[in-house]
Amino acid sequence: MPEMKQFEAIENDFILTANLRVIGTDVVISIEGGTHPHVGAVTMLTASEKLTTHTFPSHDGRRHKDGALGENVAHILQDVLQGSATITAGVHFDGISWEGIQVCLELSKKLGMQLRTYLQAYEYGGSAPLYQKLPPKEQCSEK
């Protein structure tokens, strides 16, 4: 059964939460916070592949900026990943100032360090998957 764990980073009135789910050797992380948590961006990576981030449209027609939070976490975790990582991020504080945005960016780095420490000590269980040897693709197609 996948394991779930929650982490928090707090500064003044700003609280960000990271929910971690370990699935085999892969991880799914959701970064949430504010008055209107949501999914504004998804960042995907492995230890050996360049990360990629997709941002979703926001309510005002622009694109969400939450990818920066997920990317902060991704860069901190990348070299300790055992499998793939999918990170969703969605933080909205009504009326946030530029300084508040900077606080949230720093809090995402703190969450990344907490997650890194946890994953470095995590004992992944189970065995490696076994695959059936299949004939070449051209022998599998219908004629």
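Look above for the structure.
Criteria and cut-off values
- Residues numbered from 1 in each chain as written.
- Predicted model: local features only at pLDDT ≥ 70, side-chain atom pairs only at ≥ 80, totals over all residues.
- Heavy atoms only, no water.
- Helix = DSSP H or I, 4+ residues; strand = E, 2+ residues; numbered from the N terminus.
- Buried < 20%, exposed > 50% of the residue type's maximum accessible area, 1.4 Å probe, protein only.
- Contact = heavy atoms within 4.5 Å.
- Areas by Shrake-Rupley, 256 points an atom, 1.4 Å probe, with all protein chains shown as cover.
- Lys, Arg positive; Asp, Glu negative; His and termini not counted.
- Charge placed at Lys NZ, Arg CZ, Asp CG, Glu CD.
- Patch = residues over 30% accessible without salt bridge, like charges linked within 9 Å, V, L, I, M, F, W, Y side chains within 5 Å.
- Salt bridge = Lys/Arg side-chain N within 4 Å of Asp/Glu carboxyl O.
- Pairing = 2+ DSSP bridges.

1. Remarks on the overall build of the protein chain
A tally of helices and strands in the protein chain yields three helices and six strands. Going from the N terminus to the C terminus, the protein chain shows its helices and strands as β-β-β-β-β-α-β-α-α. Along the longest, intermediate and shortest principal axes, the C-alpha atoms of the protein chain span 60 × 40 × 25 Å. Sorting the 143 residues of the protein chain into buried and exposed places 38% on the buried side. By sequence separation, contacts in the protein chain at least 24 residues apart represent 65% of the contacts at least 6 residues apart. Carbon together with sulfur atoms contributes 54% to the accessible area of the protein chain, which is approximately 9300 Å² in total. Taking the 12 positively charged and 17 negatively charged side chains of the protein chain as two groups, their mean positions are separated by 8 Å.

2. Brief notes about a nonpolar patch on the surface
Side chains of Ile96, Trp98 and Ile101 sit close together on the surface and give an oily, nonpolar patch of about 300 Å² of accessible area. Turning to its location among the elements, tryptophan 98 is positioned in helix H2 (residues 98-121). Its relative accessible area of 61% is what places tryptophan 98 among the exposed residues.

3. Section: the pairing of strand E4 (residues 41-46)
The buried count for E4 comes to five of six residues, which makes it a mostly enclosed element. Sheet analysis places E4 next to strand E5 (residues 52-55), joined by four bridges and oriented antiparallel. Paired with threonine 43 across the two strands is threonine 53, which belongs to E5. Where E4 folds back on E5, the antiparallel hairpin that results is connected by five residues. Where E4 and strand E6 (residues 84-92) come together, six bridges link them in antiparallel fashion. Within E6, the position partnered with threonine 46 by the bridge is serine 84.

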